[in-house]
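Structural characterization, general
The lines below spell out each chain.
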Amino acid sequence: MTISLNWLKTYIDIHLDPARIGEILTELGLELEGMEEVESLKGGLRGVVVGLVTDCQRHPNADKLSLTKVDIGGDAELSIVCGAPNVAAGQKVLVATVGTTLYPLGSEEPLNIKKAKVRGEESEGMICAADELGLGEDHSGILVLPADTPVGMAAAEYFKIEKDVVYEIGLTPNRSDATNHIGVARDLAATLRINYQHSGELRLPSVEGFTVANRELPIEVQVDNYDACPRYAGVCIQGVTVGESPDWLKKRLQSIGIRSINNVVDATNFILHEFGQPLHAFDYDEIAGHKVIVRTLPEGTPFLSLDEAERKLSAEDLMICDGNAAPMCIGGVFGGIRSGVKDSTRNIFLESAHFNPKYIRRSSMRHNLRTEAAKVFEKGSDPNVAVYALQRAAILICELSGGRIASDLIDIYPTPVQPRQVPLRFDHVSRLIGIDISKKELFAILDALDMPRVAETADTFTVTVPTNKSDVLREADVIEEILRIYGFNKVPIPAQIRTAAVEARRPEPFQVRNAVGDYLAAAGFHEMMALSLSESKYYKELMPAVSDEELVYINNTSNVNLDIMRPTTLFSALEAAVHNQNRQQTDLKLFEFGKTYRMKAGTTAEQAHLSLLVTGQRNAESWLEKEQRSADFYTLKAYCVNILARLGCTGYQESPATDPAFAYGVKYHRGERILAEIGKVTPALSKAMDIRGEVFFADIRWDALLDAVAKQKIGYREVSKFPTVRRDLALIVESSVKFSDIAAIAGKAGKGLLKNVNLFDVYEQEQAVGAGKKSCAVSFLFEDPTKTLQDKEVEKVMDHLIREYETKLGAVIRR
């Protein structure tokens, strides 16, 4: 948000250094992101002075050039070559001296004035036309001033070039009261009154001049949706002349980066940035039936907006319609081309409304129309300023365009929004701020904030919160307001910091997280950091297995689409995959440490997770690998198994995955407690998210894994001095038999000697091994830490293994 210091000074007397004012704004919670000195005319006409042409002769080497002598009040006259056809002796002109930088209209490059020779004659400056100075578009000749203009007078002084300081403020979503100059002036007045012995007096615009001249422009307003539009006000103005705005208004708007359009539109923009109340002016003669209807329209209704684009409306878009229910404007967002103010407009209907932020945000995002009005309504406009701002705007438009008010002011406000009353405890104020503030100072701050007390006891008091502070709802919010004015910097830093020795959790979560993160990064993964917020539509439309009762809804005024805390990390990973694929990054390995949130038994359950996603090629293209291999389920499974092994987590069971987001997969668990779940994301879900290719996702329950690792005992065993013995078996088993079943039998049969079991080949061909069968080639590694194993010892274990496989798995041993 951009704030002009000169504009602020029209409401409050403030004489502090601009840099100090910037510091105060930051202390007030209006963080200063930038500060710039600007002028009403770029460059400020520095180096341009008034000169008298004392002599003018034809250039000896050019028919269209003149040689002039110009007195600018210096020790000597300047010799200047001029190409203007209207230059003549005796004229008072504007001279850009050597070293001056000009910013001509229509040119992106500045013009630097240098001493030069033009067709053999020396030129020590330039006599300027209006467009060369940025004062207008006329280039037919030089600008000639009145004869009584003092020689040597600075052009900036002659044209009264206004200097200003512009502040760029990073406005947070909770500061709906500071979206405008009066709002910022109120904050400044409060802190100056409390901390700088300032009177704190504000000069607010008067609307006493608002009078109805006649009632020749009747208008009817009908509001069909009070939830979307709690208040709607308007008035008609007759006989306007749409034209150029006066300089003072253009300068005000230009100072904050707004281009002047015409006097009517400029007046509405001025009120928006003065009061924080968006307005909209309609061409009264284009309103069918002279009736305004505030309603929604059927899905897909076409609407031609001001930018000449045809948009298909949603059934949730709040529309301002005429008497025929034809759309004229997306309420609070963007106007229509048919009903907008044009050069030919003579009568207008001026709208001032209060809209529900949710409707505005959704329409603004849906149609990609991030207008200034929409941004204000999204934060929450003040419903009780709508009529005041309307009267102020009507008076201003009448002054600028010669119009007159030609209808009664319409104000539809069935349920007025009342100021909230918030109770506070004196001890809570001291505890949250960190310092005791006297009652006298506390009440002075509240008075400066326009928060009067309505009740008080020995321990508590109640204040009334004005309706322009839509986010000040609780005791803590009011205390934050108090602290902003009191001053964060006045809260002392403790001289001592006391701490108590505590026993660290084993394993230390931060160290474990770093170890796993280092492993994944070394394996080519990139760490992602996603929002803890998500869209409820994912779980209503794509993943209904998560019930609505489990979702944790929030009131997010910054983005109404992100309306829940995420119950799973899956969609965060899928969104990241889409984002990367849309930027030609198709081979992805991503991981995230994050939390999920679900409602359980009336409370919010928060759980930590480690999520992994792989898609695309397994490895980067390389001369070492002639054939590229796509990442698959086993690629991701290997990483997860390695993580469990890295943390020393053993003794878990393996079962098929049950997550409905997976087409197939596996889960590792101890009893009912799941440690990790890995699988391929269903093709339907990948398609719905607009992801190309197969996606594999793993959800490691980080809290459960840390608990499991905490129970593991760390042991030490020296490296064996004796050799290992390997034996291989080829087993023909049913296709449903898992390697984990083979490994489990081997672990029991070879207990004490078996060091490792590995599956190194799987063969499936009906002609060779039979229908529904597969051949598994398995290696067994034996070792005795106390001696060298004999063949007969190994063969005894192998014979036992073969019998177990034949009995329990129905295996056939391939000899």
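This next bit is on the overall build of the chain. From N to C terminus, the chain includes 22 helices and 42 strands. The C-alpha radius of gyration of the chain comes to 38 Å, more than 25% above the 28 Å expected for a compact globule of 815 residues. Of all 815 residues assigned to the chain, the portion counted as buried reaches 48%. Counting contacts in the chain only where the partners sit at least 6 residues apart, residues at least 24 apart contribute 69% of the total. Within the structure as shown, the chain displays about 41000 Å² of accessible surface, and the carbon and sulfur contribution to it stands at 49%. Charged side chains of the chain number 93 positive and 112 negative; the gap between the two group centres comes to 8 Å.

Attention shifts here to the sheet that holds strand β30 (residues 533–534). As summarised here, the arrangement of the 3 strands in space is β30-β32-β31, forming an open sheet in which the pairing is antiparallel. Looking at the sheet topology across the chains shown, the edges are occupied by β30 and β31 (552–553). By the bridge criterion, 2 bridges tie β30 to strand β32 (residues 564–565) in an arrangement that is antiparallel. In the strand pairing of β32, L533 is matched with M565.

Attention shifts here to unusual backbone geometry. Unusually for a residue other than glycine, K160 sits at a positive phi of about 55°. If you trace the backbone, K160 turns up in the loop between α4 (155–158) and β13 (163–170). Positive phi outside glycine occurs at E308, with the angle close to 65°. Within the secondary structure, E308 is located in the loop between β18 (302–304) and β19 (310–312).

What follows deals with the sheet that holds β13. Spatially, 3 strands are ordered β1-β13-β2 in an open sheet, and the strand pairing comes out antiparallel. Looking at which strands have only one partner, the edges of the open sheet turn out to be β1 (2–4) and β2 (31–39). Sheet twist, expressed as the average angle between the axes of neighbouring strands with direction ignored, equals 25°. With 3 bridges connecting them, β1 and β13 associate as antiparallel partners. When the sheet's bridge partners are listed, S4 is paired in β13 with V166.

Of all hydrophobic cores here, the largest spans 81 residues; its most connected members are L188, F461 and V478. Among the elements that line this core, the one with the most residues is helix α10 (residues 386–401), at 10 residues. Dropping the residues within four chain positions of it, F461 is found in contact with V422, P423, L424, F426, V429, L442, F443, L446, R453, A455 and E456. Counting residues in each nonpolar core, the second largest holds 37 residues, with A228, I293, I320 and V333 among its members.

On to the pairing of strand β37 (residues 673–681). Burial within β37 is extensive, with 8 of its 9 residues counted as buried. The antiparallel hairpin formed by strand β36 (residues 662–670) and β37 contains 2 residues in its connecting segment, where G671 sits at a positive phi of about 65°.

For the rest of this paragraph, the subject is helix α20 (residues 739–749). Among the residues making up α20, those that are buried are I742, I745, A746 and A749. Take α20 and look down its axis: the buried residues cluster within an arc of 100°, on one side only. Turning to α20, the residues buried within the fold contact β39 (725–734), β40 (754–763), β41 (773–782) and α22 (791–809).

Across the 5 residues of strand β5 (residues 78–82), 5 count as buried, placing the element largely inside the fold. Across the two faces of β5 the burial is the same, with L78, I80 and C82 and S79 and V81 all buried. Bridging between strand β4 (residues 66–71) and β5 involves 5 bridges; their strand directions are antiparallel. Across the sheet, S66 pairs through a bridge with C82, a residue of β5. Here β4 folds back onto β5, and the loop between the two strands holds 6 residues, one of which, G73, carries a positive phi near 90°.

The rules behind each value
- Residues numbered from 1 in each chain as written.
- Predicted model: local features only at pLDDT ≥ 70, side-chain atom pairs only at ≥ 80, totals over all residues.
- Heavy atoms only, no water.
- Helix = DSSP H or I, 4+ residues; strand = E, 2+ residues; numbered from the N terminus.
- Rg over C-alpha atoms; globule rule 2.2 N^0.38 Å.
- Buried < 20%, exposed > 50% of the residue type's maximum accessible area, 1.4 Å probe, protein only.
- Contact = heavy atoms within 4.5 Å.
- Areas by Shrake-Rupley, 256 points an atom, 1.4 Å probe, with all protein chains shown as cover.
- Lys, Arg positive; Asp, Glu negative; His and termini not counted.
- Charge placed at Lys NZ, Arg CZ, Asp CG, Glu CD.
- Pairing = 2+ DSSP bridges.
- Axes fitted to C-alpha atoms, helices over the stretch in contact; angles between N-to-C directions.
- Core = buried A, V, L, I, M, F, W, Y, C linked by side-chain atoms within 4.5 Å.
- Arc of directions from axis to C-beta.

These values are about where atoms sit, not about what they do.
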